[in-house]
Amino acid sequence: MKKLIGLTSIVIGLFALTACGGGGNSTGSDSSKAPEASNQLEQIKEAGVLKVGTSADFAPFEFHAMVNGKDTIVGADIDMVNALAKELGIPKVDFSDMEFNAVLAALEQGQVDIAVSGISATEERKKSIDFTMNYFLPEQKVIVHKDNLAKYKEISDLSGKKVGAQKGSIQESIVKDQLPESQIVSVPKVPSLVLELKQGSIDALVAESAVAESYVGQNDDIAIADVALETSEDEAYAIALPKGSTELQAALNEALQKLIDDGTIAEFVQKNTDLANENASK
Ligand code: ARG
């Protein structure tokens, strides 16, 4: 009889563990305690909101636009995150807008769950954060004032010139490595860089293809120069996650793969390039 009771309680114990959704942290001894979420994805689902860090100064991926008379953060990355959250069953997405220079720190300090900001998944960054699969491969471009287009044809033409890059971005190292004879000017926001170029306080700036095309489309006095810069796989965009968020990473990758395969990401980029242009001409 004693043996039988013992067996029954083991079975109940097992059942209780399974009912907790296999919560790895549960000891099964205190059934009144809510099961602790065993991973980041579960925690986000429980909270019902995905907190996303972004730097909305980067059309067509994340930027401010007037939507129905209201200043709104829009872009291909924003559309992508909303689609991913829907696929993962997370009801709400909360975007925090900050300078690009602060985005990865906010992620590492746990202020946001993920960071989505046209972030290049470089080997250097992979030392302290995790990434999903890549979703966009950009090319590095040099933008100059239209009046100077004929003047800047190759890297040597930029020697001694002021070349702008966004603070904290890989464009800073691209200027330093590929344009070593130029003088780097680091500026926190991309639209301010564009403004400096228009006003002539810098001679050129380095930006990534879709972004360069978007700002050139919005400003008819600047253009993409012929100067050829090297591009590497290391520069592809991915979603940044805190180190060790394995479940979240797997779930995002699965959903992301679908959006890449069916052309949704490419569609988001095109749609938001048009939106940025329309918004600029208003
Ligand atoms: N891809 C570059 C990097 O990761 C630039 C990203 C800038 N993003 C932005 N939203 N301003 O360094």
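Because the structure is a prediction, the values reported are computed rather than measured.

## Some points on the environment of glycine 160
Move 1: Counting through the fold element by element, glycine 160 comes out in the loop between strand E7 (140-145) and strand E8 (162-166).
Move 2: Leaving out residues up to four positions away in the same chain, glycine 160 has contacts with Glu181, Ser182 and Gln183.

## Looking at unusual backbone geometry
Move 1: For the peptide bond that leads from alanine 59 to proline 60, omega is 5°, which places it in the cis range.
Move 2: For asparagine 68, which is not a glycine, the phi torsion comes out positive at approximately 50°.
Move 3: Within the secondary structure layout, asparagine 68 lies in the loop between strand E2 (63-67) and strand E3 (70-74).

## Remarks on the sheet that holds strand E9 (residues 183-187)
Move 1: Pairing is mixed in the open sheet, where five strands are placed in the order E9-E8-E10-E7-E11. Of all the strands in the sheet, the pair left with one neighbour each is E9 and strand E11 (222-224). Here the average twist between neighbouring strands, direction ignored, is 35°.
Move 2: Looking at chain direction, E7 and strand E10 (residues 204-208) are connected through five bridges and run antiparallel. Opposite isoleucine 143, over in E10, you have leucine 205 as the bridge partner.

## Some thoughts on the pairing of E2
Move 1: The pairing of E2 with E3 spans five bridges and is classified as antiparallel. Within E3, the position partnered with phenylalanine 63 by the bridge is valine 74.
Move 2: Linking E2 to E3, which pair antiparallel, is a turn of two residues; within it asparagine 68 sits at a positive phi near 50°.

Quick notes on the rules
- Residues numbered from 1 in each chain as written.
- Predicted model: local features only at pLDDT ≥ 70, side-chain atom pairs only at ≥ 80, totals over all residues.
- Heavy atoms only, no water.
- Helix = DSSP H or I, 4+ residues; strand = E, 2+ residues; numbered from the N terminus.
- Contact = heavy atoms within 4.5 Å.
- Pairing = 2+ DSSP bridges.
- Axes fitted to C-alpha atoms, helices over the stretch in contact; angles between N-to-C directions.

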